[in-house]
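Analysis of the macromolecular model
What follows is each chain in one-letter form.
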Amino acid sequence: MDDHSLDEFRRRWQEELAQAQALRKRRRPEAAERRPRRAEVAPGRGEQASGYLALAQGLLEGAGRPPAARATRAERQDAASRSRSPPAREVAGGGEQLVDQLIRDLNEMDDVPFFDIQLPYELAINIFQYLDRKELGRCAQVSKTWKVIAEDEVLWYRLCQQEGHLPESSISDYSCWKLIFQECRAKEHMLRTNWKNRKGAVSELEHIPDAVLCDVHSHDGIVIAGYTSGDVRVWDTRTWDYTAPFLESEYEEDEPGMQPYVSFVRINSSLAVAAYEDGFLNIWDLRTGKYPVHRFEHDARIQALALSQDDATVATASAFDVVMLRPSEEGYWQITAEFEVQKLVDYLEIVPDTERYPVAVATAGDLVYLLKAEDSARTLHYVYGQPATCLDVSASQAAFGVKSLGWVYEGNKILVYSLEAERCLSKLGNALGDFTCVNLRDSPPNLMVSGNMDRRVRIHDLRTDKIALSLSAHQLGVSAVQMDDWKIVSGGEEGLVSVWDYRMSQKLWEVHSRHPVRHLSFNSHSLITANVPCERVVRNTDLDNFTAHRRHRGLIHAYEFAVDRLAFQSTLPICRASADTVPGYNYDLALAFP
């Protein structure tokens, strides 16, 4: 029923009631003089009933139908004589109640809660599960029955899971999932505001004296670093306690300082892996202790290292061999697969979410291999004289940069291959510089971000094979990049870390350090950056010249933007120094950005 018809109904009915009351007052003296044979009937009753019934009939048959025409005086008198109603005094009060009841009924005519009668509650829940949070809020305002359905715990628990809030919780963990959803949304908004305004805490992870940083990797707030001294350290930045334990190796203690450099380090939620210059590989279980659970040796230097983010699968490349290691059901590490390639491997990645047999992708010069544990090495891509310059993989695709050389210059591109069909899906970009980094795994669906030596960061649309956005981000080449649903964090060869809101094409803030940015990783509340020196030589190791030595050793920074974990709630690193620490090497103060 539309608003115009309802207003017209109210106005007509009030006029008829007023006319009936006025007519009864004028005829009351005349009725007292006559001999009353029966109860006087209100003269306006027939007019009232006729107009009411006609208008109600028209409104019920079709909302928006104009009201019926007013009856003549003869028709009203005839209807009044035929009616046998209560006295007029009772009609007035009962008529007003009837009007209010009818108005309420007609007002709800278009909003009938049909789930009360026609559908069971379980089927209504299955229908409401396709609504988002705004639509559920609108449905809760329809009626009491719809409010009960729209605020069911199953619906709001499913919304929390869809938006990534408390993914490991069950529906029985909380009593009001709608309130939990609102709190998570408020916290997400606060974190986004802190990211934009650079509001949070930053701490420099403690370094090792007389050692230069070689490689850094992180996973979900856990950071691992390898040094020229052969030491490997692990930090857990989620607890804001940055006192990192050393992961022991099995080298002889009677040869201090003779351990080889650490070439690569990788970490996930349960394992830590380090590869050394002499071809040795150490694997630690973070749940059992600081001593390695397995040690593997190659005949030559390890050129590439990969660790699965989902399970305990390690892949290494040395000389012309690629080896995959995995523990058995009894816990003993063994070689799952071994492949032979034609050229030295440059990049190596393990494909996530593989069920039984591990799958890896390796680039060796102008060759790109697909390595499946149950099969031999298969060539995924090969063009003579066009080497691959970067690599990243997702569960179903692989993206790698290709450098164009030769007489026919086609421009440097990024190729996206389907791992299942083993064919090229997209050819993205046409840049003059080499693509140095690409991030496919962490990017939003149908988007991918890349960095180039031409100092630009590009967002590629995989649906149209076009560049959605290009940002001039750095003074030198881009060395690391990552994006999520609204921001980009990039690192350059000049040591600059930049944070962008790519929806507005606006730089939010930047931080500069001396060395190139070789690693960066972030989530909703934290950011890990690592500036690794190009030179792995310790310079000015004298304690009297500590400033010059610190300048050349590399830096690891941990940024925390969470609302409930600010810098003033924790102890500064200088106050956590142990008594046996060499003086002058522990002045790493936790600073907060203005």
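Attention in this report is confined to the structure presented alongside it. The model shown is predicted, which means the values in this text are computed figures rather than measured ones. (Residues numbered from 1 in each chain as written. Predicted model: local features only at pLDDT ≥ 70, side-chain atom pairs only at ≥ 80, totals over all residues. Heavy atoms only, no water.)

1. Some points on the side chain of S443
In plain terms, the rule: Here a strand is any run of E in DSSP of at least two residues, a helix any run of H or I of at least four, and the numbering for each starts at the N terminus. The definition of a polar contact used here is a pair of N or O atoms within 3.5 Å, where within protein one atom must be able to donate a hydrogen and the other to accept one, and adjacent residues in sequence count solely through side-chain atom pairs. Residues count as neighbours in contact if any of their non-hydrogen atoms are within 4.5 Å of one another.
Inspection of the secondary structure puts S443 in the loop between β21 (435–439) and β22 (447–452). Polar side-chain contacts of S443 include one of 2.6 Å to the backbone oxygen of N439. With sequence-adjacent residues up to four places away left out, S443 is seen in contact with M448, V449 and M483.

2. Here's the deal with the state of the cysteines
Just so we agree on the cut-off: When the sulfur atoms of two cysteines come within 2.5 Å, that pair is taken as a disulfide.
Applying the stated criterion across every chain, the model contains zero disulfides. In this structure C437 is not part of a disulfide, and its nearest cysteine sulfur, from C390, lies 6.8 Å away.

3. With respect to the packing of helix α8 (residues 153–162) against helix α9 (residues 177–197)
Note the cut-off: Lines fitted to C-alpha atoms define the axes here, with helix axes fitted over just the stretch in contact, and angles between the N-to-C directions of these axes take values from 0 to 180 degrees. Relative orientations are named as follows: roughly parallel for angles under 35 degrees, roughly antiparallel for angles over 145 degrees, roughly perpendicular for angles from 65 to 115 degrees, and oblique for any other angle. Each crossing is labelled by how the near helix is turned from the far one, with a counterclockwise turn of less than a right angle marking it left-handed and a clockwise turn marking it right-handed. Ten residue types, Ala, Val, Leu, Ile, Met, Phe, Trp, Tyr, Cys and Pro, are classed as nonpolar, four, Asp, Glu, Lys and Arg, as charged, and the remainder, Gly among them, as polar.
Between α8 and α9, whose axes approach to 8 Å, the crossing angle comes to 25 degrees. Relative to α9, the element α8 lies roughly parallel. With respect to the hand of their crossing, α8 and α9 are arranged in left-handed fashion. Note on element contacts: α9 touches α8 through W177, K178 and F181, opposite E153, W156, Y157, L159 and C160. Across the contact of α8 with α9, the residue classes tally to six nonpolar, no polar and two charged.

4. Description of α9
The test is simple: For a helix, the expected span equals 1.5 Å multiplied by the number of residues minus one.
With 21 residues, α9 should cover 30 Å at 1.5 Å per step; its first-to-last C-alpha distance of 30 Å lies within 8% of that length. Note on α9: the residue one or two positions beyond its end, R198, has a positive phi of about 55 degrees.

5. Notes on the sheet that holds strand β5 (residues 262–267)
Threshold: Should DSSP find at least two bridges between two strands, the strands are taken to pair.
Spatially, β5-β6-β7-β8 is the arrangement adopted by the four strands of the open sheet, whose pairing is antiparallel. Only two strands of the sheet have a single neighbouring strand rather than two, namely β5 and β8 (294–297). Between one strand and the next, the sheet's axes are offset by a mean angle of 15 degrees, whatever the strand orientation. Pairing analysis gives five bridges linking strand β6 (residues 271–276) to strand β7 (residues 280–285), with the strands arranged antiparallel. From the neighbouring strand, A275 faces β7, where its bridge partner is L281.

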